[in-house]
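# Tertiary structure, described
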Amino acid sequence: MGFWEDLWRGRSADFDSGSASTNAIELTKRHRQVSLTKQGAATGNLRINLSWRMRTSDIGGPERGSLLRHPFQAFKPEVVQAHTQSMVNVDLDLGCMYELADGTKGVVQPLGGFFGELNAPPFVKLSGDDRFGSGSGETIFVNLDHRDDIKRLLVFVYIYDQTPAFDRTHAIVTLYPSNGPRIEIGLDERHPQARSCAVVMIENNKGELTVRREVKFVYGFQAELDRLYGWGLQWGRGYKSKADR
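Keep in mind it's a predicted model, so treat the numbers as computed, not measured. (Residues numbered from 1 in each chain as written. Predicted model: local features only at pLDDT ≥ 70, side-chain atom pairs only at ≥ 80, totals over all residues. Heavy atoms only, no water.)

### A look at the overall build of the protein
Counting its regular elements, the protein contains two helices and 13 strands. Here the protein, with 245 residues, has 46% of them falling under the buried criterion. For the protein, contacts bridging at least 24 residues in sequence account for 70% of all contacts bridging at least 6. Accessible surface, the protein as shown: approximately 12,700 Å² in total, 49% of it carbon and sulfur. (Helix = DSSP H or I, 4+ residues; strand = E, 2+ residues; numbered from the N terminus. Buried < 20%, exposed > 50% of the residue type's maximum accessible area, 1.4 Å probe, protein only. Contact = heavy atoms within 4.5 Å. Areas by Shrake-Rupley, 256 points an atom, 1.4 Å probe, with all protein chains shown as cover.)

This is the structure in structure tokens:
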């Protein structure tokens, strides 16, 4: 049944947790919040992953036919898997603004090389920078064994120095707690001119750790997200090294 299950599930298999738990919680406008504490998932490392791929319908690639009519289409590669020179370049980056219980504030992001620390403040660590929407994407780890040191975390996605094109990507942010189902937030709303998106807020309210869907697109960069959520950081123009581009 494995092959036919993949046919029915389609591309959703790309974002499977790879664990025994195959269920997921999707945060939507109607179901915006979930408690990690009530799920018994407020300890260990919380993994936050950004995965994305281009919409083939927007870049001239033919739509794939129905797998029910043509089941062996599953063995044919898709026309477009990532970037080519003939299409709009999109470099999505994953970042996180943090505020600790002692009032310390800052950001973890590829831009500027602010990769954070996992076992020391801010207890948030970015694994690396993905430029091409690969299968692994970008991942941030949060050490929830230090949850009492964390007041709030704003996870966001932005487009680095390229054409605004959130509407040309299939992007999804997935949270993998240490226990229980994964949590998914899709960025499927059409905002063609947006450059940044506040995706999810993780807050510690009187010992309860909650995850709340935001999905607020803005036309500026991190400074505009900062003003929207009252972080109060000082922002300047940042660049990535040529070796990383």
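### Brief notes about the confidence of the model for the protein
Atom-level detail of predicted coordinates should not be read off regions where pLDDT is low. Considering every residue of the protein, the mean pLDDT works out to 76; 66% of them sit at 70 or more. Here residues 72-87 is modelled with pLDDT under 50, and outside its nearest four sequence neighbours on either side it reaches 27 contacts, counting other chains as well. Taken together, the stretch residues 130-136 has pLDDT below 50 and engages in 21 contacts with residues farther than four places along the chain or on a different chain. (pLDDT = per-residue confidence, 0-100.)

### Let's talk about the side chain of Asn 204
With respect to the helices and strands, the residue Asn 204 is situated in strand E12 (residues 196-205). Judged by relative accessible area, Asn 204 falls into the buried class, the value being 17%. Of note is the side chain of Asn 204, whose polar atom sits 2.8 Å from the backbone oxygen of Arg 147. Setting aside anything within four residues of it in sequence, one finds Asn 204 in contact with Arg 147, Asp 148, Ile 150, Lys 151 and Leu 209. (Polar contact = N/O pair within 3.5 Å; in protein donor to acceptor, adjacent residues only side chain to side chain.)

### Notes on the pairing of strand E10 (residues 169-176)
Of all the eight residues making up E10, seven are buried; the element is thus mostly covered by neighbouring parts of the structure. Sheet topology places E10 next to strand E11 (residues 182-186); four bridges connect them, and they run antiparallel. Looking at the pairing, Thr 174 lines up with Glu 184 of E11. The hairpin turn running from E10 into E11, its antiparallel successor, is five residues long, and Gly 180 in that turn takes a positive phi close to 90°. (Pairing = 2+ DSSP bridges.)

### Considerations on the sheet that holds strand E4 (residues 92-100)
If you trace the six strands from one edge of the open sheet to the other, you get E2-E13-E12-E9-E4-E5, paired in antiparallel fashion. Among the strands making up the open sheet, the edge pair consists of strand E2 (33-35) and strand E5 (105-108). Taken pair by pair, the neighbouring strands of this sheet meet at an average axis angle of 20°, ignoring direction. Here E4 runs beside E5; their pairing, made up of four bridges, is antiparallel. For Met 97, the partnering residue across the bridge sits in E5 and is Val 107. Together, E4, strand E9 (150-159), E12 and strand E13 (208-218) form the strand contacts of helix H2 (residues 222-229), whose direction differs from that of E13 by roughly 125°. (Axes fitted to C-alpha atoms, helices over the stretch in contact; angles between N-to-C directions.)

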